[in-house]
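Geometric and topological summary
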Amino acid sequence: MLNIVLFGPPGAGKGTQSEKLIEKYKLTHLSTGDLFRKHLGEGTELGILAKKYMDQGHLVPDEVVIQMVEDKISSTPDSKGFIFDGFPRTTAQAEALDTMLQKNEMSISGMIALDVPEDILRERIKERGKTSGRADDQDDEKITTRIKVYLSETLPVAKYYENQGKFTKIHGVGQIEEIFQNISEVIDAY
């Protein structure tokens, strides 16, 4: 089973590359944002629990997020693997994910990080903002905050997978197809 963590800062091209990887390798897309919307929208037990934390202005605890991820994995038993998009965001989440996957006799095949200079990230986010409808894609201060949060809180997850020998950095600037080919070469070597 192929389980990929696609990693990178906001604007690195994860969404674009995820779509191509899902199609080529027949992976199941696993986005925590989608999981939250599903569970909240359906009023599941996990959704109600998550909403309780969110209504109080708190982050949803990792245990609840991991349960949502596990629910998704168990509900798609015929999947050839998963592409983790936007998760894990912290080392604690990566550790919890590994524990849950091991319990289900699975593991992360590798983390592929899209490396893009900050000035290009800003350009891409602003350009995306023209069509995305996301107000935070047009606000310089919010873009700066998102990049800072990525660098301080999320980037350490790369070190976690690097220590396991599961980390590969891909230059994320250039033609979409060229970047996709570079990612595919890494995946094909797993």
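These remarks concern the structure in this document. Bear in mind that the values here come from a model prediction, so they are computed numbers and not experimental data.

1. Thoughts on the pattern of salt bridges
All told, the structure shown has eleven salt bridges when counted by the stated rule. Put simply, glutamate 70 and lysine 103 hold a salt bridge, and the shortest N to O gap is 3.1 Å. Of this pair, glutamate 70 sits in helix α4 (residues 62-74) while lysine 103 sits in helix α5 (residues 91-103), and the two are 33 residues apart along the sequence. Between lysine 130 and glutamate 127 there is a salt bridge; the shortest N-O distance is 3.2 Å. On the criterion of helical spacing, the pair formed by lysine 130 and glutamate 127 is a turn pair, its members being three residues apart in helix α6 (residues 118-132). For lysine 130, a relative accessible area of 62% translates into the label exposed. Linked through salt bridges whose partners overlap, the residues forming this network are Arg128, Asp137 and Arg146.

2. A closer look at the packing of aromatic side chains
In the structure shown here, the tally under the stated rule is three aromatic pairs. Note that lysine 20 overlies the ring of phenylalanine 180, its terminal NZ or CZ placed 5.0 Å from the centroid. The side chain of lysine 52 reaches across the aromatic face of tyrosine 53, ending 5.5 Å from its centre.

3. So, the environment of valine 157
Structurally, the position occupied by valine 157 is in helix α8 (residues 156-163). Discounting chain neighbours no more than four positions away, the residues touching valine 157 are Phe7, Pro88, Arg89, Thr90, Thr91, Ala94 and Met111.

4. Remarks on the packing of helix α1 (residues 14-25) against helix α9 (residues 176-188)
Packing of α1 against α9 leaves a shortest axis separation of 10 Å and a crossing angle of 50°. Put simply, α1 runs oblique to α9. α1 and α9 meet at a crossing whose hand is right-handed. Facing α1, whose interface residues are Thr16, Gln17, Lys20, Leu21, Lys24 and Tyr25, α9 presents Ile176, Glu177, Ile179, Phe180, Ile183, Ser184, Ile187 and Asp188. Each residue belonging to the contact of α1 with α9 can be placed in one class, and the counts come to seven nonpolar, three polar and four charged.

Reading the values: the criteria
- Residues numbered from 1 in each chain as written.
- Predicted model: local features only at pLDDT ≥ 70, side-chain atom pairs only at ≥ 80, totals over all residues.
- Heavy atoms only, no water.
- Salt bridge = Lys/Arg side-chain N within 4 Å of Asp/Glu carboxyl O.
- Helix = DSSP H or I, 4+ residues; strand = E, 2+ residues; numbered from the N terminus.
- Buried < 20%, exposed > 50% of the residue type's maximum accessible area, 1.4 Å probe, protein only.
- Phe/Tyr/Trp six-rings, centres within 6.5 Å; stacked < 30°, edge-to-face > 60°.
- Lys NZ or Arg CZ within 6 Å of the ring centre and 35° of its normal.
- Contact = heavy atoms within 4.5 Å.
- Axes fitted to C-alpha atoms, helices over the stretch in contact; angles between N-to-C directions.
- Parallel < 35°, antiparallel > 145°, perpendicular 65-115°, else oblique.
- Left-handed = near helix turned anticlockwise from the far one by under 90°.
- Nonpolar A, V, L, I, M, F, W, Y, C, P; charged D, E, K, R; others polar.

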